[in-house]
Amino acid sequence: MARALKSTSATNRALRFIDETKPVARRQQKPAYLIKEHMKDMKNKQAGFSLIVLLIVVAIIGIIAAIAIPNLLASRRAANEGSAQSSLRTIHSAEATYQATAGNGQYGTLAQLMNQNLVDGTLGSGTKSGYTFSLPAANLDAGPPPTFWVSAVPANVAAVTRTGNRSFCVSEDGVMHGAVQDAIADRAACLNLGVLGN
């Protein structure tokens, strides 16, 4: 009996030693029914996004668009206005060249400037970067001294899709004029517009 107790005690000590050295291995073992329940819980948790979450995301995107789109359109109008001013300076330089060469002292229309390759085909057609350029024969005066004036007005003046806020013009003196309006009637109206810094 004493021997049996010693043997049992040694076995218990050995089991206790194994239990202490590898506690993780013994604790990680779960019954099969617990594993199945855990898998069911995981499937239930992977339901996806709720309708409210999706509506909140759509609302946030809408708010960001409402802030960004007007700024984008304003930047586009400002770029078109800068391009129109640059194009008017190009036309003024082309007129000076035309007067000294093919014009024999007279200024020319956009078509004549384009035929002499003094302006590109896009500008010579009268429309570029959201602006319409006007330099018909009626804008020319033989003088003496000869004069001309050319205008640039927004091609689209609708409220949302407007291509520019200001209209511009320049005459033979090279001074750029501009104001917030949609048309320039004649040379006098051009010269009455505010002078823009060059």
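See the structure above.
Only a predicted model underlies this, so the values are computations on that prediction, with no experimental measurement involved. The numbering scheme is per chain: residues are counted from 1 as the chain's sequence reads. Only residues with pLDDT of at least 70 are given local features in this predicted model, and only at 80 or more are side-chain atom pairs given and counted; all residues enter the totals for whole chains, interfaces and linings. Each side-chain value is worked out from all heavy atoms of the structure, with water and hydrogens disregarded.

Trainee: Whenever I open this one, the pairing of strand S2 (residues 131–134) confuses me. Can you help?
Mentor: Looking down a regular strand, the side chains alternate between one sheet face and the other. Categorising residues by exposure relies on relative accessible area from a 1.4 Å probe, with only protein chains included: less than 20% of the type maximum marks a residue as buried, more than 50% marks it as exposed, and the intermediate range marks it as partly exposed. Numbering goes from the N terminus for both helices and strands, where a helix is a DSSP run of H or I of at least four residues and a strand is a run of E of at least two. Of the two faces of S2, the one lined by Tyr131 and Phe133 is fully buried and the one lined by Thr132 and Ser134 carries no buried residue. In this description, strands pair whenever DSSP reports at least two bridges between them. Pairing analysis gives two bridges linking strand S1 (residues 127–128) to S2, with the strands arranged antiparallel. Paired with Thr127 across the strands is Thr132, a residue of S2. Between the end of S1 and the start of S2, which pair antiparallel, lie two residues, with Ser129 showing a positive phi angle near 50 degrees.

Trainee: How do you make sense of helix H4 (residues 51–100) when you look at a structure like this?
Mentor: In an α-helix, one turn spans 3.6 residues, which is why side chains three or four residues apart end up on the same side. Helix length check: H4, at 50 residues, gives a terminal C-alpha distance of 72 Å against a target of 74 Å (1.5 Å per residue), a fit within 8%. Those residues of H4 that sit buried are Arg77, Asn80, Glu81, Ser83, Ala84, Gln85, Ser87, Leu88, Ile91, Ala94, Glu95 and Tyr98. To estimate the expected span of a helix, subtract one from its residue number and multiply by 1.5 Å.

Trainee: I tried to follow the state of the cysteines on my own but got confused; where do I start?
Mentor: Disulfide: a covalent bond connecting the sulfur atoms of a pair of cysteines. Two cysteine sulfurs form what is called a disulfide whenever their separation falls within 2.5 Å. On inspection of all chains with the given rule, the structure shows one disulfide. Across the disulfide, Cys169 is cross-linked to Cys190 (sulfur-sulfur distance 2.0 Å). Here the S-S torsion is close to 100 degrees, and the disulfide linking Cys169 with Cys190 is therefore right-handed. Here Cys169 is found in strand S5 (residues 167–171), whereas its partner Cys190 is found in helix H7 (residues 187–192), with 21 residues between them in sequence.

Trainee: Help me understand a nonpolar patch on the surface, please; the structure alone is not making it clear to me.
Mentor: Exposure above 30% relative accessible area and no salt bridge define the residues that can form patches, which grow by joining like charges within 9 Å and nonpolar side chains of Val, Leu, Ile, Met, Phe, Trp and Tyr within 5 Å. Calculation of accessible area relied on Shrake-Rupley with a 1.4 Å probe; when residues are assessed, cover is drawn exclusively from the protein chains displayed. The term salt bridge refers to a side-chain nitrogen of Lys or Arg lying within 4 Å of a carboxyl oxygen of Asp or Glu. A surface patch of nonpolar side chains, amounting to about 500 Å² of accessible area, comprises Phe49, Val53, Leu54, Val57 and Ile61. One can find Phe49 in the loop between helix H3 (32–45) and H4.

Trainee: What am I meant to see in the pattern of salt bridges here?
Mentor: Oppositely charged side chains can form a pair if their charged atoms are brought close together. Enumeration over the complete set of coordinates arrives at four salt bridges. In this structure, the salt-bridge partner of Asp182 is Arg162, at a minimum N-O distance of 2.3 Å. Here Asp182 is found in the loop between strand S6 (176–179) and H7, whereas its partner Arg162 is found in the loop between strand S4 (147–154) and S5, with 20 residues between them in sequence. Between Arg187 and Glu172 there is a salt bridge, with the nearest N and O atoms lying 2.8 Å from each other. With Arg187 in helix H7 and Glu172 in the loop between S5 and S6, this pair connects stretches of sequence that are 15 residues apart. For Arg187, a relative accessible area of 25% translates into the label partly exposed. Looking at Glu172, the relative accessible area reads 25%, which means it is partly exposed.

Trainee: Could you clarify how one ought to interpret the packing of aromatic side chains in this entry?
Mentor: Only rings of Phe, Tyr and Trp enter the pairing, Trp through its six-membered ring, and a pair is recorded when the two centres are within 6.5 Å. The plane angle decides the type: under 30 degrees is stacked, over 60 is edge-to-face, the rest tilted. A full pass over the atoms with the stated rule returns two aromatic pairs. Here the aromatic rings of Tyr107 and Phe148 are separated by 4.7 Å at their centres, their planes lie at 55 degrees, and the arrangement is tilted. With a gap of 41 residues between them, Tyr107 in the loop between H4 and helix H5 (110–115) and Phe148 in strand S4 connect regions that are remote in the sequence. With respect to burial, Tyr107 and Phe148 carry one shared label: buried. Ring geometry for Tyr131 and Phe168: centres 6.0 Å apart, planes at 40 degrees, overall tilted. Placement of Tyr131 in strand S2 and of Phe168 in strand S5 is noted, with a sequence separation of 37 residues between them.

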